[in-house]
Amino acid sequence: MKIVVIGTNHAGIAAANTLLDHYPGHEIVMIDRNSNMSYLGCGTAIWVGRQIEKPDELFYAKPEDFEAKGAKILTETEVTEIDFKQKVIHAKTKSGETFVETYDKLILATGSRPIIPKLPGHDLEGIHFLKLFQEGQAVDAEFAKPEVQRIAVIGAGYIGTEIAEAAKRRGKEVLLFDAESTSLASYYDETFAKEMDQNLAHHGIELHFGELATEFKGSDGRVTQIVTNKGAYDVDLVINCIGFTANSALAKDNLATFKNGAIKVDKHQQTSNPDVYAVGDVATIYSNALQDFTYIALASNAVRSGIVAGHNIGGTPLEAPGVQGSNGISIFGFHMTSTGFSVKAAQKAGLEVAYSDFEDKQKAWFLHEDNDTVKIRIVYEKESRRVVGAQLASYSEIIAGNINMFSLAIQDQKTIDELALLDLFFLPHFNSPYNYMTVAALNAK
Ligand SMILES: Cc1cc2nc3c(=O)[nH]c(=O)nc-3n(C[C@H](O)[C@H](O)[C@H](O)COP(=O)(O)OP(=O)(O)OC[C@H]3O[C@@H](n4cnc5c(N)ncnc54)[C@H](O)[C@@H]3O)c2cc1C
Ligand SMILES: NC(=O)C1=CN([C@@H]2O[C@H](COP(=O)(O)OP(=O)(O)OC[C@H]3O[C@@H](n4cnc5c(N)ncnc54)[C@H](O)[C@@H]3O)[C@@H](O)[C@H]2O)C=CC1
């Protein structure tokens, strides 16, 4: 069987590796328009903020790895069109040569691009987006310029908050804008998000929430000012991070798509065309909190969905268990993790939910050194009492592991009452006999 993979970043790599490692004998062709593969965008802020010196280790795979396993891999080659009836893809190399490839099965792993707000002045120089390695390099080069001092970051979601920290670490003045009233508003309820806001403000980041950019002004072709519904601010650089949109143009009019344009898939990653699979940021994903398909762009989801597609195409039927959109962020040493829905997100999705909050020290109370406060919220459906979300915030790194338990609880449709008496280990170095997760669950009304 000939299998063509379009897009060789996290999702495409996972699908190709699954096929090459577990199902030998197929002809695998991998195509990507970029010159690199496997770039971990999650390391951009860490590198640009100089928490690591070089970006080299942010790549975990190279074309030779796949060639060694027998795949044909074409980089700097863009797929321009797909004839889904004839099962032929049309592609163009960097030098302009066009060619076609036939396929038996096709994997679309074309990912996402940042949303580009078409505001007046959007094409001025000095306005950036962050997704590709090359875009990280461009921002890094701007940070190195002494004349770039005042930076506007638009969107205080995950990328915006991380790059705001990075810019501050490089000694810049940073103005962080978001349409919502807090940072991280899509992931956390206000009482949690406010903790991050305090952390950002404490480190000198100027917060402009509830503010919408309306125009960019410039001089000599370069941005010099950002105008919002509330004021005008002189800046030397703008970084836009207001979310992603699925790169699904190749599927247009041929495959069923979701309301945001992502390609609809089932739990086997199969699209509305049985010979075509879609994985990663270009596709929808099943949310166990919502109990329906939705769109959640994460590298973790990309990898898992690629593995699922690989097995299904290879001949092992495998149904994805769905995801919770589990995520985390760490800014100036303050960590937040969440899974499933916040109260606000659940209500927006039409769920009737209640929540239980608790706050305690991470380790046993008699340990007075490095014993940070942890704040927890568990969100559950009022009637069924099934857990649909959890949020944790602390300087303690242990919360990074704890959130995964809630992820499994949501996946397995556990109730808050089942969590209340769950066997959690106790050791003073790590926790208390009345574990804050247990207490939060026990306190649930
Ligand atoms: C700054 C930043 C930080 C992030 N941090 C995290 C994090 O901490 N945790 C997390 O889980 N996620 C994080 N993400 C999100 C994560 O990077 C994405 O969810 C992930 O990249 C999706 O992988 P993908 O393979 O589906 O798509 P993509 O990474 O978008 O890759 C798609 C590939 O398809 C190629 N392509 C597209 N169209 C064509 C075409 N027509 N022809 C040929 N090739 C094509 C592209 O060149 C690209 O290589 C972060 C993203 C960014 C930008
Ligand atoms: N740690 C992690 O897991 C990370 C995950 N990612 C993922 O990458 C994807 C893209 O990240 P982001 O671009 O940060 O998207 P995001 O969805 O996290 O945040 C976008 C932010 O922009 C704001 N916004 C939207 N339109 C706006 C406007 N016109 N003006 C001002 N603010 C506006 C939103 O309120 C939101 O807070 C997300 O799916 C995210 O989860 C990215 C970085 C880190």
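Since the model is a prediction, treat every value here as computed from it, not as a measurement.

Asker: Can you lay out the UniProt feature "domain: Pyridine nucleotide-disulphide oxidoreductase dimerisation" (unreviewed entry) in the chain for me, pointing to particular residues and giving the numbers?
Answerer: Here, UniProt's "domain: Pyridine nucleotide-disulphide oxidoreductase dimerisation" (unreviewed entry) annotation points to residues 334–431. Regarding residues 334–431, the helix share stands at 24% and the strand share at 34%, and the terminal C-alpha atoms are separated by 19 Å.

Asker: Talk me through the UniProt feature "domain: FAD/NAD(P)-binding" (unreviewed entry) in the chain; I want residue IDs and the actual numbers.
Answerer: Residues annotated by UniProt as "domain: FAD/NAD(P)-binding" (unreviewed entry) correspond here to residues 1–306. Helix makes up 22% of residues 1–306 and strand makes up 29%, while its end C-alpha atoms are separated by 18 Å.

Asker: Give me the lowdown on the site of ligand 1, citing residues and values where you can.
Answerer: What surrounds ligand 1 is a group of 30 residues, the closest being N9, A11, D32, K131 and D281. A distance of 2.9 Å is found between an oxygen atom of ligand 1 and a backbone nitrogen or oxygen belonging to D281. Within the backbone of L298, a nitrogen or oxygen atom sits 3.3 Å from an oxygen atom of ligand 1. Secondary-structure elements contributing two or more residues to the shell around ligand 1 are helix 1 (10–22), strand 4 (77–83) and helix 7 (299–314). Broken down by class, the residue content of the shell around ligand 1 amounts to 13 nonpolar, 12 polar and 5 charged. Shared between two domains, the shell around ligand 1 holds at least three residues of each, these being domain 1 (2–38 + 60–111 + 246–314) and domain 2 (116–242).

Asker: For the nonpolar core, give the residues involved together with the corresponding values.
Answerer: Residues I163, I239 and M336 are the most contacted members of the largest nonpolar core, which totals 37 residues. With 5 residues, the single largest contributor to this core is helix 5 (residues 158–169). Two domains each donate at least three residues to this core, and these are domain 2 (116–242) and domain 3 (334–442). Other than its neighbours up to four places away in sequence, M336 contacts L184, Y188, F192, A193, M196, N327, G328, I329, L392, A393 and I399. V343, Y380, L392 and F406 belong to the second-largest nonpolar core, a separate cluster that totals 29 residues.

Asker: Can you explain the site of ligand 2? Please cite residues and give values.
Answerer: The environment of ligand 2 is formed by 19 residues, the closest being I159, D178, Y187, A297 and G328. Between a nitrogen atom of ligand 2 and a main-chain N or O atom of A179, the distance comes to 3.2 Å. Here a nitrogen atom of ligand 2 sits 2.8 Å away from a polar atom, N or O, in the main chain of G328. When ligand 2 sits alone it has 840 Å² of accessible area, and the protein chains cover 79% of it. Per-element accounting of the shell around ligand 2 gives the leading share, 3 residues, to helix 5.

Asker: I'd like a description of the side chain of T337, backed by residues and values.
Answerer: Relative to the elements of secondary structure, T337 occurs in strand 22 (residues 334–340). Residue classification places T337 among the buried residues on the basis of a relative accessible area of 7%. Once residues lying within four places of it in the same chain are set aside, the contact partners of T337 are Y188, N327, G328, A390, Q391, L392, I399, A400 and I403.

Asker: I'd like a rundown of the sheet that holds strand 16 (residues 237–240), residues and numbers included.
Answerer: Read across the sheet, 5 strands follow the order 9-16-10-11-12 without closing on themselves; strand pairing throughout is parallel. The sheet terminates laterally at strand 9 (127–129) and strand 12 (206–209), the two strands that pair on one side only. Taken pair by pair, the neighbouring strands of this sheet meet at an average axis angle of 20°, ignoring direction. On top of the sheet, helix 5 reaches strand 10 (150–154), strand 11 (173–178) and strand 16; it is set at about 170° to strand 11, its chief contact.

Asker: Account for the packing of aromatic side chains, naming residues and giving values.
Answerer: Overall, the coordinates contain 10 aromatic pairs when judged by the stated rule. Judged by centre distance (4.2 Å) and plane angle (15°), the ring pair of Y158 and Y187 falls under stacked. Residue Y158 is located in helix 5, and its partner Y187 is located in the loop between strand 11 and helix 6 (190–202); the two are separated by 29 residues in the primary sequence. For Y158, a relative accessible area of 11% gives the class buried. Residue classification places Y187 among the partly exposed residues on the basis of a relative accessible area of 28%. Aromatic side chains F334 and Y395 sit 5.0 Å apart centroid to centroid with 55° between the ring planes, which places their arrangement in the tilted category.

Asker: Provide a residue-level description of the sheet that holds strand 2 (residues 27–31), including the pertinent values.
Answerer: One open sheet holds the 5 strands; their spatial order is 3-2-1-7-18, and the pairing between them is parallel. Edge positions in the open sheet fall to strand 3 (72–74) and strand 18 (276–278), since each of these has one partner strand only. The mean angle between the axes of side-by-side strands here comes to 15°, regardless of whether they run parallel or antiparallel. Across 3 bridges, the pairing between strand 7 (residues 105–108) and strand 18 is parallel. Within strand 18, the residue paired with L106 across the bridge is V276. Relative to the sheet, helix 7 contacts strand 1 (2–6), strand 7 and strand 18, its axis offset from that of strand 18 by approximately 160°.

Rules behind the numbers
Residues numbered from 1 in each chain as written. Chains lettered and ligands numbered in written order. Predicted model: local features only at pLDDT ≥ 70, side-chain atom pairs only at ≥ 80, totals over all residues. Heavy atoms only, no water. UniProt positions renumbered as here; feature names shortened; annotations may be inferred. Helix = DSSP H or I, 4+ residues; strand = E, 2+ residues; numbered from the N terminus. Near = heavy atom within 4 Å. Polar contact = N/O pair within 3.5 Å; in protein donor to acceptor, adjacent residues only side chain to side chain. Nonpolar A, V, L, I, M, F, W, Y, C, P; charged D, E, K, R; others polar. Domains from an automatic or database assignment. Core = buried A, V, L, I, M, F, W, Y, C linked by side-chain atoms within 4.5 Å. Buried < 20%, exposed > 50% of the residue type's maximum accessible area, 1.4 Å probe, protein only. Contact = heavy atoms within 4.5 Å. Areas by Shrake-Rupley, 256 points an atom, 1.4 Å probe, with all protein chains shown as cover. Pairing = 2+ DSSP bridges. Axes fitted to C-alpha atoms, helices over the stretch in contact; angles between N-to-C directions. Phe/Tyr/Trp six-rings, centres within 6.5 Å; stacked < 30°, edge-to-face > 60°.

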